[in-house]
Every structure is written in structure tokens, then in C-alpha cells.
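Results of the structural survey
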Amino acid sequence: MKKEVKELHDEATGHSQLTMQVVEHVRSLISSGEVHPGDRLPPERELARKLKISRSSLRAGIGFLSAMGVLKSRHGAGTFVSSGPPALDSSSLSVLGALHGFLPWQMFEARLVIESNVAALAAERATDEHIAELAEEVAEMYAALSDPHEYLIHDVRFHRTIARASGNPILGALMETITANLYEYRSKTVVNAVDLKESAEMHREIYRAIRSHNPAQARLTMEQHLNLARIAQASEAEASAAQGTTAEAPPASEPPATPTESTPSTS
């Protein structure tokens, strides 16, 4: 009974607000020195009780922080604070609130301009370490085909790794703001994804272009991926709206997407 009451309270409070509540709590744990990079967070049950939220809402916040590289979950071992960047006060979190008013098609237009060129730079500059990280995220995407939310975490990490591989910290900071907003929005709709396998295959093609150090191919495959993903995510949003959830489909004034034959289902 108490669990049902807590879940109803969480629903009334709102997904975004509860996610940021978890983010701020983890920030405070690190700022106060209670936990350090590499340390394990307190158990989920303890954190949920302290924050007075359901464990499902807590997991949504942990998923956000995992996607942004702040936390890492290890099966059977718990959730740990990442030992490397980005820090909790990075631009991806400090400007997140300002980004909430952006429309989905506007975000995709920005991504198309920025991320296709970031991918080309990554193909020129990626180190062996970056390429290994991309390979790992692609493998994790295939392993998570039956779990849309887990898939999304590795999807976002893949794009963040490309941003780092570009070697330009300014572009990296811009991509942090975009991927933060992407995860916040997509976490509400990804459950309606139609074909995650096709999406994983698109990411693999991007990875292969970067691994081959082929900037033109990396730019092209990223553009194709984003154009297809925009169509698929609009369908996800429409499905969510039909189910009565809070995510909204892009407005009718959205610029027409590039015609395609297939629609991979995530970013």
C-alpha cells in the first residue's frame, strides 16, 4: 500500500522534477565528500527512502546520470561514481532546464548541423581508446535490445564518446547539452521504440566509418542516422501521447523529414 501511495506521489510530482531531485542529491553527496569518484552509492532502497520517492523514480534519475557518464552501474555490484569526467557541475546539467523549452525537431536540426561534423572530426582524430569505447557501446546496445531504457543509456554514451573523440572541447560541451536533453526527452518515449536492432545497426555503421578514419563516410552515416531517427522518435512521441503520457509529439509545423524506406527507433 505504501509503495502504491509513493508511486502516485511520484506521478503527481512529475518525472523531470524527480529526476533532477536525484541528480541534486548525488551532487550533494559528492560535493560534501560523502562519496568520491570510484565509490559505490548507498543501496537503492536507502536512497529511495531518504528522498521519499519510489525506486522506479530513483532508477530514472540514476539512468540519467549513467547516460551522462556521472555514474556507472555494475550488475550485482551496485552503482558507482565514475572516476573520470564529466563532473556533476558540467554544462550538460547546469543548462538542462533552459533546454526544456526546445522542440524535438529543433533539437534534431541542431544535431544534424553539429553532430554530423563532429562525427567527421572524430573519424580524423579518434584514438584507439575512443574506438574501443565506441565498440563497447555498440556491443552493449545489441545486448540491450530487449530493454529500451538500458539501450538508451548506451545510445547516449555512444554519441558522447564521438563528441570526445572530435578533440574539440567546445563542440564537446555543446554535445553535452544536447545529449542531456536527448536523454531527458527520450526516456519518456523509448518504451515505444519499434526496431532497436535496426538502430543498433545504424550505430555500428557510424562506428565502422570512424574506426576506418573516413570523415566523409562518418558524416554521411551520421546524417542518415539522424534523419531516420527523427521520424522514428516522432512516432514514439505520438504513441506516448495516445497512451496519455506526458511526452508530446512534434507540432504539425515540423519541417518535413527526408524520405526514407526504414525508421530505426532511437537516437
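In what follows, the accompanying structure is described. The residue numbers shown here count from 1 along each chain, following its written sequence. Only residues with pLDDT of at least 70 are given local features in this predicted model, and only at 80 or more are side-chain atom pairs given and counted; all residues enter the totals for whole chains, interfaces and linings. Side-chain measures were taken over the full set of non-hydrogen atoms in the model, leaving aside hydrogen atoms and water.

**So, unusual backbone geometry**
Look at Lys52: it is not a glycine, yet its phi comes out positive at around 60°. A run of DSSP states H or I qualifies as a helix once it reaches four residues; a run of E qualifies as a strand once it reaches two. Both are numbered from the N-terminal end. With respect to the element layout, Lys52 can be found in the loop between helix H3 (44–51) and helix H4 (55–67). Taking relative accessible area as the criterion, Lys52 reaches 62% and is therefore assigned exposed. Phi angles above zero are rare outside glycine, and His213 is one such case at about 55°. Relative to the helices and strands, His213 is located in the loop between helix H11 (196–211) and helix H12 (215–242). Each residue is placed in one exposure class: buried if its accessible area under a 1.4 Å probe, protein chains only, is under 20% of its type's maximum, exposed if it is over 50%, and partly exposed if it falls in between.

**Notes on helix H10 (residues 169–186)**
Taking 1.5 Å of rise per residue, 18 residues should cover 26 Å, and H10 covers 25 Å from first to last C-alpha, within 8% of that figure. Within H10, burial applies to Gly172, Met175, Glu176, Thr177, Ile178, Thr179, Ala180, Asn181, Leu182, Tyr183, Glu184 and Arg186. Under this definition, polar contacts are N or O atom pairs within 3.5 Å; protein pairs additionally need one hydrogen-donor-capable and one acceptor-capable atom, and for neighbouring residues in sequence, both atoms have to be side-chain atoms. Put simply, Asn168 is the residue that caps the front of H10, since its side-chain oxygen is 2.9 Å from the backbone nitrogen of Ile170. Any helix carries an expected span of 1.5 Å times its number of residues minus one.

**Things to note about H3**
Restricting attention to buried positions, one finds in H3 the residues Leu47, Ala48 and Leu51. Seen from one end, H3 has its buried residues packed into an arc of 100°, which puts them on one side. In H3, those exposed residues whose orientation departs by more than 90 degrees from the buried face are Arg45, Arg49 and Lys50. Lys52, located one to two residues past H3, shows a positive phi value of around 60°. Each direction from the helix axis to a C-beta atom contributes to the arc, which is the arc of those directions.

**As for the pattern of salt bridges**
By convention in these notes, a salt bridge is any Lys or Arg side-chain nitrogen within 4 Å of a carboxyl oxygen on Asp or Glu. With the rule as written, the count across this model stands at 6 salt bridges. A salt bridge links Arg111 to Glu115; the nearest nitrogen and oxygen atoms lie 3.0 Å apart. Separated by 4 residues within a single helix, Arg111 and Glu115 lie in helix H7 (residues 104–125), roughly one turn from each other. The class for Arg111 is buried, based on a relative accessible area of 3%. Here Glu115 falls in the buried class, since its relative accessible area comes to 1%. Put simply, Glu133 and Arg164 hold a salt bridge, and the shortest N to O gap is 2.2 Å. With a gap of 31 residues between them, Glu133 in helix H8 (residues 128–143) and Arg164 in helix H9 (residues 148–165) connect regions that are remote in the sequence. A relative accessible area of 22% means that Glu133 is categorised as partly exposed. A network of salt bridges, in which partner residues are shared, links Glu44, Arg55 and Arg59.

**Looking at the environment of Ser57**
By secondary structure assignment, the location of Ser57 is in helix H4. The exposure class assigned to Ser57 is buried, which follows from its relative accessible area of 12%. Through-space distance from the C-alpha of Ser57 to that of Val22 is 8.7 Å; in sequence the pair is 35 residues apart. At 3.2 Å, the side chain of Ser57 forms a polar contact with the side chain of Ser54.

**Concerning the pairing of strand S2 (residues 78–81)**
Where a strand is regular, its side chains alternate between the two sheet faces. Here the rule is simple: two strands pair whenever DSSP picks up at least two bridges between them. Direction of pairing for strand S1 (residues 71–74) relative to S2: antiparallel, over a ladder of 4 bridges. Bridge pairing links Arg74 to Gly78 in S2. Where S1 hands over to S2, the hairpin turn is made up of 3 residues, of which Gly76 adopts a positive phi near 80°.

**Observations concerning the environment of Gly172**
With respect to the helices and strands, the residue Gly172 is situated in helix H10. By relative accessible area, Gly172 is classed as buried at 16%. Spatially, the C-alpha atoms of Gly172 and Thr161 are 9.2 Å apart, while their sequence positions differ by 11 residues.

**Some thoughts on the nonpolar core**
Nonpolar side chains in soluble globular proteins tend to be buried together. The nonpolar core is taken to be a set of buried Ala, Val, Leu, Ile, Met, Phe, Trp, Tyr and Cys residues, with the residues joined through side-chain atoms within 4.5 Å. Grouped together as the largest cluster of nonpolar side chains are 57 residues, with contacts concentrated most on Leu41, Leu58, Leu71, Phe158, Ile162 and Ile210. Top contributing element to this core by residue count: H9, with 8 residues. Those residues in contact with Ile210 that lie beyond four places of it in its chain are Ala119, Ala122, Ala123, Ala126, Ile131, Leu134, Ile162 and Ala218. Contact criterion: two residues are considered in contact whenever any of their non-hydrogen atoms come within 4.5 Å of each other.

**Describing the packing of H9 against H10**
Any two packed helices are characterised by the angle at which their axes cross and by the distance between the axes. Under this scheme, a helix contributes an axis fitted over its contacting stretch, all axes are lines through C-alpha atoms, and angles between N-to-C directions fall in the 0 to 180 degree range. Orientation of H9 relative to H10, taken along the N-to-C sense of each, is 170°, at an axis distance of 9 Å. As summarised for this structure, H9 and H10 are arranged roughly antiparallel, according to the angle between their axes. Residue-level contacts link Leu152, Ile153, Val156, His159, Arg160 and Ala163 of H9 to Gly172, Met175, Glu176, Thr179, Leu182, Tyr183 and Arg186 of H10. Think of it as three bins: nonpolar holds Ala, Val, Leu, Ile, Met, Phe, Trp, Tyr, Cys and Pro, charged holds Asp, Glu, Lys and Arg, and polar takes everything else, Gly as well. Partitioning the contact of H9 with H10 into residue classes produces 7 nonpolar, 3 polar and 3 charged. Should an angle fall under 35 degrees it is taken as roughly parallel, and over 145 as roughly antiparallel, whereas 65 to 115 is taken as roughly perpendicular and any remaining angle as oblique.

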